[in-house]
Protein chains: 2
Amino acid sequence: MSGIAATPRPPYVAVIFTNLQTEDLDGYGEMADRMEALAAEQPGYLGFESARSGLGIAVSYWADHEAARAWKAVAEHADAQRMGRERWYSSYRVRIATVEREYGTG
Amino acid sequence: MSGIAATPRPPYVAVIFTNLQTEDLDGYGEMADRMEALAAEQPGYLGFESARSGLGIAVSYWADHEAARAWKAVAEHADAQRMGRERWYSSYRVRIATVEREYGTG
């Protein structure tokens, strides 16, 4: 289970990925774990949060738009995105946002 | 289960609420349902998505920052936020972001 990401003071970029899955999840779990680990190695990576209860929401945080774009273009990630579109996701939406303010505990 | 929000063309505002719960969830489910319904009645409301698997992520979408701020200040919602801080959430983070771009299916 992922926790609450320890992001720095805003501004930074959030990529909100919302999805519904198909019933063919063969290979999905391994790929999701691999992508989470690979994302964490990228320049400008700030954190990752995910949850699923029917609807899946995954939010990745990046230092700037350039870092978020670069991650989208990483070859192994591009392959994973293609697999997602073709097999694992019945529908999805990706929203790219600039976080301007945050508050909370801790 | 909530689905993928049918948001309009950006820009608009996303409020990303990430949380971990305590073990005292008395009254939580009813309050969450009530807040989701009440939010949908507010000016500038665009949609809502939520998921939980240990970590909970709820994203509400708003026409602009003023609409998101106004929802935060609605009296019944302010009471719910206080209950959350005092009882239901062991930790949480709220991030306010401007969605600049989006893509996906449908």
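Here the structure is shown first, and the text comes after it.
Residues numbered from 1 in each chain as written. Chains lettered and ligands numbered in written order. Predicted model: local features only at pLDDT ≥ 70, side-chain atom pairs only at ≥ 80, totals over all residues. Heavy atoms only, no water.

1. Focus: the overall build of chain A
Inference 1: For chain A, the helix and strand inventory stands at three helices and four strands.
Inference 2: Mapped from its N terminus to its C terminus, chain A presents α and β elements in the order β-α-β-β-α-α-β.
Inference 3: Radius of gyration (C-alpha) of chain A: 14 Å, near the 13 Å computed for a compact globule of 106 residues.
Inference 4: Projected onto its principal axes, the C-alpha positions of chain A cover 40 × 30 × 20 Å.
Inference 5: The contacts in chain A between residues at least 6 apart in sequence include a share of 77% that link residues at least 24 apart.
Inference 6: Where the 11 positive side-chain charges of chain A centre and where its 15 negative ones centre are 7 Å apart. (Helix = DSSP H or I, 4+ residues; strand = E, 2+ residues; numbered from the N terminus. Rg over C-alpha atoms; globule rule 2.2 N^0.38 Å. Contact = heavy atoms within 4.5 Å. Lys, Arg positive; Asp, Glu negative; His and termini not counted. Charge placed at Lys NZ, Arg CZ, Asp CG, Glu CD.)

2. Describing the pairing of strand β3 (residues 55–62) of chain B
All names here are of chain B.
Inference 1: The buried count for β3 comes to eight of eight residues, which makes it a mostly enclosed element.
Inference 2: On β3, burial covers both faces: Leu-55, Ile-57, Val-59 and Tyr-61 on one face and Gly-56, Ala-58, Ser-60 and Trp-62 on the other are all buried.
Inference 3: Where strand β2 (residues 45–53) lies against β3, eight bridges are found, and the strand directions are antiparallel. For Ser-53, the partnering residue across the bridge sits in β3 and is Leu-55.
Inference 4: If you look at the hairpin formed by β2 and β3, you'll find one residue sitting between the two strands, and Gly-54 has a positive phi there, around 80°. (Buried < 20%, exposed > 50% of the residue type's maximum accessible area, 1.4 Å probe, protein only. Pairing = 2+ DSSP bridges.)

3. Describing the sheet that holds β2 of chain B
Inference 1: The strand order across the open sheet formed by eight strands is β2(A)-β3(A)-β1(A)-β4(A)-β4(B)-β1(B)-β3(B)-β2(B), and the pairing between neighbours is antiparallel. Looking at the sheet topology across the chains shown, the edges are occupied by β2 (45–53) of chain A together with β2 of chain B. Taken pair by pair, the neighbouring strands of this sheet meet at an average axis angle of 25°, ignoring direction. (Axes fitted to C-alpha atoms, helices over the stretch in contact; angles between N-to-C directions.)

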